[in-house]
Amino acid sequence: MHRAQEEGIVAHLLAIIPETFIGAFAKGDLLQVLLVSILTGFAISQLGDLGERINGVIDAMAKIFFEMIRIIVRAAPIGAFGAMAFTVGAYGVASLVNLVELIATFYLTSILFVLLVLGTIARLAGFSILRFIAYIKDELLIVLGTSSSETVLPHMIQKMQRLGASKPVVGLVIPTGYSFNLDGTNIYMTLATLFLAQATNTPLSIGQELGILAIAMITSKGASGVTGAGFVTLAATLAIVPDIPIQSLAILLGIDKFMSECRALTNLVGNGVATVVISRWEGELDVTQLKAAMAHPIALGEELEEEPV
């Protein structure tokens, strides 16, 4: 908690810069990895034939990484189930009435956001949000079990390519979206902050509420990570809103697992929709392939066994 109190907007932006090249990967900070990756990509593009050979090595290493992720995600739901059982057993059902209402509000808000906001954007881009959700249903189930959208990053990259989006656009938008397009995390932090304000009898004006929304939009960037990363980012957000006691975070500790599932699902759908929309904007989308892929979704694992079209 002390670390979260020290973080502000400036510190959050400075934290994007890694201390060393290897340190970015060692710490597992996605924003730092993204910065190093962009700089490395620019450098490799200037190396000509040598850059092409280096790119081939990176592609081969990526296949190894994808296979490792595939093994891990199949075992992850077992641990997630145990964590959920502990949460219910430790806090009980009777003491979670108000918290259940918060969970229901969050899930309802996220559903409306996906169907109305993302649904409208998808319709303008020429596809149905419901068909898109059906297309990535296997990935959504994995995210539901692990509470982290990062577990399906390899699957999403290859499925978006099979959907008709070009490889360069997918390779840029999907990883970037994991840091900068966290719709579910933003909704979660805003609702959670308002809930804690009510729970601690902290009055907030309209201006303060709008300020919280603006702060959440900034601090949610880079909040992607392992399960619970959004909870830590919420602590950093509360540190910027001094009227709400940061100790009140303990109230949400027992339900963070359930909240994490919804924010990860919302983030995943938002990133997928953004990829298709940006591909269309850039003229890099095969509309015929898009309609064919949504009409005949592929099974989980099939996209890893064959090369993307």
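Residues numbered from 1 in each chain as written. Predicted model: local features only at pLDDT ≥ 70, side-chain atom pairs only at ≥ 80, totals over all residues. Heavy atoms only, no water.

**Some remarks on helix H10 (residues 167–180)**
What counts, and what does not: Going along the chain from the N terminus, every DSSP run of H or I of four or more residues is numbered as a helix, and every run of E of two or more is numbered as a strand. Given the number of residues in a helix, its expected span is that number minus one, multiplied by 1.5 Å. Burial classification: accessible surface area is computed with a 1.4 Å probe over protein chains only, and a residue below 20% of its type maximum counts as buried, one above 50% as exposed, and the rest as partly exposed.
Between the first and last C-alpha of H10 there are 20 Å, a value that for 14 residues agrees with the 20 Å anticipated at 1.5 Å per step. All buried positions along H10 are accounted for by Val169, Val170, Val173, Ile174, Gly177, Tyr178 and Ser179.

**A closer look at helix H11 (residues 183–199)**
Taking 1.5 Å per residue, 17 residues should reach 24 Å; H11 reaches 24 Å between its end C-alpha atoms and fits that length. Judged by how many residues are buried, H11 sits mostly within the fold: 14 of 17 residues are covered.

**Regarding the packing of helix H6 (residues 97–125) against H11**
So the rule is basically this: The axes used here are C-alpha line fits, helices contributing only the stretch in contact, and every angle between their N-to-C directions lies in the interval 0 to 180 degrees. Left-handed describes a crossing whose near helix is turned anticlockwise from the far helix through less than a right angle; right-handed describes the clockwise counterpart. Pairs of residues are marked as contacts when any of their non-hydrogen atoms sit within 4.5 Å. Each residue is assigned to one of three groups, with Ala, Val, Leu, Ile, Met, Phe, Trp, Tyr, Cys and Pro labelled nonpolar, Asp, Glu, Lys and Arg labelled charged, and all others, Gly among them, labelled polar.
Interaxial distance between H6 and H11 falls to 10 Å at its minimum, and their mutual angle equals 145°. In this structure, H6 crosses over H11, and the sense of that crossing is right-handed. Every residue of H11 that contacts H6 at Asn98, Leu99, Leu102, Thr105, Phe106, Thr109, Ser110, Phe113 and Leu118 is listed here: Asp183, Gly184, Ile187, Tyr188, Leu191 and Phe195. Looking at the contact of H6 with H11, its residues break down into 9 nonpolar, 5 polar and 1 charged.

**What to know about a nonpolar patch on the surface**
For clarity, the threshold we go by: Patches in this entry comprise residues that are over 30% relatively accessible and not in a salt bridge; like charges within 9 Å are linked, as are nonpolar side chains (Val, Leu, Ile, Met, Phe, Trp, Tyr) within 5 Å. Surface exposure here means Shrake-Rupley accessible area, sampled with a 1.4 Å probe, where a residue is shielded only by the protein chains that are shown. By definition here, a salt bridge exists when the distance from a side-chain nitrogen of Lys or Arg to a carboxyl oxygen of Asp or Glu is within 4 Å.
A cluster of nonpolar side chains, Leu108, Ile111, Leu112, Leu115, Leu116, Val117, Ile121 and Leu130, forms an exposed patch at the surface whose accessible area comes to about 720 Å². Of the residues forming the nonpolar patch, the biggest block, 7 residues, is contributed by H6. Counting through the fold element by element, leucine 115 comes out in helix H6.

**What about the nonpolar core?**
How we decide: Take the buried residues of types Ala, Val, Leu, Ile, Met, Phe, Trp, Tyr and Cys, join any two whose side-chain atoms come within 4.5 Å, and each joined set is a nonpolar core.
Judged by nonpolar contacts, the single largest core of 58 residues is most densely connected at Phe127, Phe132, Met160, Leu163 and Leu252. The greatest single-element share of this core, amounting to 10 residues, is contributed by helix H14 (residues 256–281). Not counting residues within four places of it along the chain, the set of residues in contact with phenylalanine 127 comprises Ala122, Phe132, Val273, Val276, Val277, Leu290 and Met294.

**Topic: the side chain of aspartate 183**
Tracing the backbone shows aspartate 183 in helix H11. Discounting chain neighbours no more than four positions away, the residues touching aspartate 183 are Phe113, Leu118, Thr266, Asn267 and Gly270.

**Focus on the packing of aromatic side chains**
What counts, and what does not: Only the six-membered ring of Trp is used, alongside the rings of Phe and Tyr, when aromatic pairs are assigned; centres must lie within 6.5 Å, and planes under 30 degrees apart are stacked while those over 60 apart are edge-to-face, with the rest tilted.
According to the stated counting rule, one finds 3 aromatic pairs in the structure shown. Relative to tyrosine 188, the ring of phenylalanine 106 lies with its centre 5.9 Å away and its plane at 55°, an arrangement referred to as tilted. Placement of phenylalanine 106 in helix H6 and of tyrosine 188 in helix H11 is noted, with a sequence separation of 82 residues between them. Take phenylalanine 106: its relative accessible area is 0%, and that puts it in the buried class. Where phenylalanine 127 meets phenylalanine 132, the ring centres are 5.9 Å apart and the plane angle is 55°; that geometry is what we call tilted.

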